[in-house]
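The chain contents come next:
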Amino acid sequence: MTGMMTLTAFADEISEDLEEQLDVLLEEDIHHLEFRGAWGKNVLRLTDGELARAQHSMRERGIRVSAIGSPIGKILITDEWGPHLREFSRALEIAQRFDVSYIRVFSFFIPQGERAAKYRSAVLERMQELTERAQDAHVVLLHENEKLIYGDVPLRCLDVLEHCGSPFLRAAFDPANFVQCEVRSMQEAWPLLSPYVVYAHIKDALFADGRVVPAGQGDGEVKAFLQALRDRAYSGYLSIEPHLSSGSAFSGFSGPALFHEAVQALKGLLGEIGEEWC
């Protein structure tokens, strides 16, 4: 028995203009997006009027939001907490407005040159608070493994997930990000984290220089990852995050042509393993 995987994407990598984002998604027969930004603004910076405009455009095209691609947790662990909590409240509001079950989060940047262990207690305390607030709102947080945050390597990702011990904090698994931390995603990360994985980010990268490449063209073992998902009858989202033109800690860009290339690479891998998608 297999599940049906659903394609979604960080459509702000296509264009700043939401209308163009949606048009290109439909050209690839993709009917979901991971909502990170539109009109040059992060999703948490959009006004209520802009959110209403986005809802109208998505509804007209039959496109739904798979997750809020928030930047929550992408601050230094030493930064002030109160303002960030207010941003998190906005993320919860937007998730509820779009009837979304997931919000992507991170486990805080560690000051350069310092050991992550020094900040473990502070990280876990903040992650626990976020998780409890998400539970109250009936929203699941997706912890993404990201370079230079506390949870960038498998053992510390597991530490966060086990400490919070909640179904309202799960893992978004990103093979390319593990490669950029010199981690073999399927040998080192998947065995530890697979019980928590409910969402997949699809991009690949090279060990040699950390460069992001289309799925299957790097060292992220993306085909093996897809096979592992298939074998457990995964019926969740595959979120395409190309990063083929540029990428930073807070966003990425590919443009329409490179976005199409990234999507075709993923569809090719799915075809190779005999997996259907919707």
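The structure contained in this document is the topic of the report that follows. Predicted model only: the values in this text are computed from it and were never measured.

To continue, consider the overall build of the chain. Broken down by element type, the chain carries 9 helices and 14 strands. The globule rule puts the C-alpha radius of gyration for 278 residues at 19 Å, and the 17 Å found for the chain is close to it. In terms of principal-axis extent, the alpha carbons of the chain reach across some 45 × 45 × 35 Å. Sequence-distant contacts in the chain: of pairs separated by 6 or more residues, those separated by 24 or more amount to 75%. Accessible area of the chain: about 11400 Å², with a carbon and sulfur share of 48%. Side chains of the chain carry 27 positive and 42 negative charges; the gap between the two charge centres is 4 Å.

Bringing the environment of V179 into the picture now. Following the sequence through the fold, V179 ends up in helix α6 (residues 175–180). The class for V179 is buried, based on a relative accessible area of 2%. As for V179 and I149, which are separated by 30 residues in sequence, their C-alpha atoms are 14 Å apart. Sequence-distant contacts of V179, that is, excluding residues within four places in its chain, are made with A205, L206, F207, D219 and G220.

Two quantities define a packed helix pair, namely the angle between the axes and the distance from one axis to the other. Between helix α8 (residues 222–231) and helix α9 (residues 255–272), the shortest axis-to-axis distance is 10 Å and the interhelical angle comes to 55°. The orientation of α8 with respect to α9, classified from their angle, is oblique. The two elements α8 and α9 cross, and the hand of that crossing is right-handed. Counting all contacts with α8, which are made through V222, K223 and L226, the residues of α9 involved are L266, L269, L270 and E272. Classifying every residue of the contact of α8 with α9 by side-chain character gives 5 nonpolar, no polar and 2 charged.

Let us look at the environment of E125. Within the secondary structure, E125 sits in helix α4 (residues 120–137). Looking at E125, the relative accessible area reads 59%, which means it is exposed. Sequence-wise, E125 and G220 are 95 residues apart; in three dimensions their C-alpha atoms are separated by 31 Å.

Here the focus is the pairing of strand β9 (residues 197–202). Regular strands place side chains that alternate from one sheet face to the opposite one. Summarising burial for β9: 5 of the 6 residues are buried, a large majority. Bridging between strand β8 (residues 169–173) and β9 involves 3 bridges; their strand directions are parallel. Among the inter-strand pairings, A172 is bridged to a residue of β9, identified as Y199. As paired strands, β9 and strand β12 (residues 237–240) are joined by 3 bridges and run parallel to one another. Following the sheet pairing, H201 is matched in β12 by S239.

The full count for this structure, using the stated rule, is 24 salt bridges. One salt bridge connects R211 with D209, and the closest N-O pair in it is separated by 3.8 Å. Residue classification places R211 among the partly exposed positions, given a relative accessible area of 46%. Salt bridges sharing common partners tie together D12, E13, R36, D174, K203 and E241.

What counts as what
- Residues numbered from 1 in each chain as written.
- Predicted model: local features only at pLDDT ≥ 70, side-chain atom pairs only at ≥ 80, totals over all residues.
- Heavy atoms only, no water.
- Helix = DSSP H or I, 4+ residues; strand = E, 2+ residues; numbered from the N terminus.
- Rg over C-alpha atoms; globule rule 2.2 N^0.38 Å.
- Contact = heavy atoms within 4.5 Å.
- Areas by Shrake-Rupley, 256 points an atom, 1.4 Å probe, with all protein chains shown as cover.
- Lys, Arg positive; Asp, Glu negative; His and termini not counted.
- Charge placed at Lys NZ, Arg CZ, Asp CG, Glu CD.
- Buried < 20%, exposed > 50% of the residue type's maximum accessible area, 1.4 Å probe, protein only.
- Axes fitted to C-alpha atoms, helices over the stretch in contact; angles between N-to-C directions.
- Parallel < 35°, antiparallel > 145°, perpendicular 65-115°, else oblique.
- Left-handed = near helix turned anticlockwise from the far one by under 90°.
- Nonpolar A, V, L, I, M, F, W, Y, C, P; charged D, E, K, R; others polar.
- Pairing = 2+ DSSP bridges.
- Salt bridge = Lys/Arg side-chain N within 4 Å of Asp/Glu carboxyl O.

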